[in-house]
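Descriptive analysis of the structure
Okay, here's what each chain looks like letter by letter:
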Amino acid sequence: MDIVVLLKQVPDTETLIQIAADKTSIKTEDVKWVINPYDEFAVEEALRIKEAQGEGKVTILTVGPERAIEAIRTALAMGADEGVLIDDPAAEGGDALGTAKVLAAALREIPYDLIVAGQRAVDDDYYQVPAAVAAFLGIAQVSMVIKEEIQDEKILCERTIEGGTMVVEAQLPALFTTQKGINEPRYASLPGIMKAKKKPLAKKTLADLGINPSEVGEAGAKCRVMSLSFPPERSPGKIIEGETPEAKAAELVRLLREEAKVI
Ligand SMILES: Cc1cc2nc3c(=O)[nH]c(=O)nc-3n(C[C@H](O)[C@H](O)[C@H](O)COP(=O)(O)OP(=O)(O)OC[C@H]3O[C@@H](n4cnc5c(N)ncnc54)[C@H](O)[C@@H]3O)c2cc1C
């Protein structure tokens, strides 16, 4: 079974994010870049499916700048077989639809039975790219999957829903997105890291995919980011002093009544 994982490189959630002067993007200097956590689940699940089937290929597909190679190499070190990076300045600054258009064009040249993606990218949080890719390719899309099973030409997926689980069957080829809990991603082993350096990694441009640059990236974006801002700072907390628990409770009640005026 040939599986393609859609993988995005994002800032590490531990990184201190700063808004750039244009107020619509973030400062990228000093940012530590990692694989989007939901895409790590996608890589792990693709590897498990390949291992269970005993044959096939896992290809990592990314739209991003040169630095994204590091994320692809990490996925190759986990065990994926090949990587493809679409790196073109004209693809930058676009919206989810533009990213999906580029990914779908690349997928027309890569054989696949299954596409696995993250439910969302933790930097821009659009939750849109996988659904749009599936729509462009005319294949089924199952979101928020916590368990899957391949059955002949079909995939059976368990999805989380509010207060329960839904089981969905889809005809292959299909695309599904991962939800937290689907698996525990493996670490890249040292031999894996060494092997990854020799695995095939192709770089392509929009011209290679026959995409008109005016239809994607900043030029083709139908949705524009107008501003980015942080939530307002929270006022500092107050530590209630008192000799005994009773005195502290009495002081808390006084503050709630006289200062916060909520009781
Ligand atoms: C400089 C800059 C300018 C931008 N300007 C705009 C703008 O004007 N308007 C706007 O709407 N957005 C803009 N964006 C946001 C940007 O294009 C988003 O990354 C894109 O819309 C996808 O949204 P998302 O990453 O939240 O994807 P989601 O839909 O949340 O991602 C879900 C999954 O899709 C897959 N995926 C997503 N992106 C990629 C990728 N690049 N490669 C491979 N797989 C991927 C992954 O599996 C991921 O887990 C800008 C971004 C940058 C860096």
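Residues numbered from 1 in each chain as written. Predicted model: local features only at pLDDT ≥ 70, side-chain atom pairs only at ≥ 80, totals over all residues. Heavy atoms only, no water.

**Side note on the pairing of strand β6 (residues 114–118)**
The test is simple: Burial classes: relative accessible area under 20% of the type maximum marks a residue as buried, over 50% as exposed, and values in between as partly exposed (1.4 Å probe, protein chains only). Helix and strand definitions here come from DSSP, where helices need a minimum of 4 consecutive H or I residues and strands a minimum of 2 consecutive E residues; each element is numbered from the N-terminal end. For two strands to be treated as a pair, DSSP must find no fewer than two bridges joining them.
Counting buried residues in β6 gives five out of five residues, a clear majority hidden from the surface. Taking every second residue as pointing to the same face, both faces of β6 are buried, with L114, V116 and G118 on one and I115 and A117 on the other. As judged from the four bridges shared by strand β1 (residues 2–6) and β6, these two strands associate in the parallel manner. Of the residues in β6, the one forming a bridge with V4 is I115. Pairing between β6 and strand β10 (residues 174–178): five bridges, direction parallel. Opposite V116, over in β10, you have F176 as the bridge partner.

**Brief notes about the sheet that holds strand β9 (residues 164–171)**
Just so we agree on the cut-off: Note on geometry: axes are C-alpha line fits, over the in-contact stretch for helices, and angles between N-to-C directions span 0 to 180 degrees. In what follows, residue pairs with any heavy atoms lying within 4.5 Å of each other are defined as contacts.
If you trace the nine strands from one edge of the open sheet to the other, you get β9-β8-β7-β10-β6-β1-β4-β5-β11, paired in mixed fashion. The strands lining the two open edges of the sheet, one partner per strand, are β9 and β11 (201–204). Averaged over all neighbouring strand pairs, the angle between strand axes comes to 30°, with direction disregarded. Of the strands in this sheet, β4 (57–63), β5 (82–86) and β11 are in contact with helix α2 (residues 69–78), which crosses β5 at around 165°.

**Looking at the domain arrangement of the protein**
What counts, and what does not: Here the bounds of each domain stem from an automatic or database domain assignment.
Assigned domains of the protein: these are domain 1 (2–220) and domain 2 (231–263). Summarising the inter-unit geometry, the C-alpha centres of domain 1 and domain 2 are found 47 Å apart.

**Notes on the site of the ligand**
Cut-off, in case you're wondering: Being near a molecule or strand, for a residue, means having at least one of its heavy atoms within 4 Å of it. Any pair of N or O atoms that falls within 3.5 Å is considered a polar contact. Within protein, one atom must be able to donate a hydrogen and the other to accept it, and sequence-neighbouring residues count only if both atoms are side-chain atoms. The Shrake-Rupley method, run with a 1.4 Å probe, gives the accessible areas here. Residue values count only the displayed protein chains as cover.
The full set close to the ligand counts 28 residues, and K8, D39, G94, Y126 and C223 are the nearest of them. One nitrogen or oxygen atom from the side chain of D124 is found 2.9 Å from an oxygen atom belonging to the ligand. Y126 is positioned such that a nitrogen or oxygen atom in its side chain is 2.6 Å from an oxygen atom of the ligand. A total of 940 Å² of accessible area belongs to the ligand in isolation, and the protein chains cover 84% of it.

**Things to note about α2**
Burial of α2 is extensive: seven of the 10 residues sit out of reach of the surface. Turning to α2, its buried residues are I69, A71, I72, A75, L76, A77 and M78. G79 sits one or two positions beyond α2 and adopts a positive phi of about 140°.

**Considering the pairing of β9**
Strand direction decides the pairing type here: strand β8 (residues 154–161) and β9, joined by eight bridges, are antiparallel. Across the sheet, residue R159 finds its bridge partner in β9, namely M166. Where β8 folds back onto β9 in an antiparallel hairpin, the turn is made up of two residues, including G163, whose phi is positive at roughly 75°.

**Examining the pattern of salt bridges**
This is how it is decided: When a carboxyl oxygen of Asp or Glu is within 4 Å of a side-chain nitrogen of Lys or Arg, the pair counts as a salt bridge.
Evaluated as defined, the whole model comprises 15 salt bridges. Close ionic contact of R186 with E51 constitutes a salt bridge, the shortest N to O distance being 2.8 Å. Here the residue R186 occupies a position in the loop between β10 and α5 (190–196), and E51 occupies one in helix α1 (residues 37–53), the gap between them amounting to 135 residues. One salt bridge connects K154 with E169, and the closest N-O pair in it is separated by 3.6 Å. Residue K154 is located in strand β8, and its partner E169 is located in strand β9; the two are separated by 15 residues in the primary sequence. Given the relative accessible area of 31%, K154 is considered partly exposed. Of the residues examined, E169 reaches a relative accessible area of 48% and is grouped as partly exposed.

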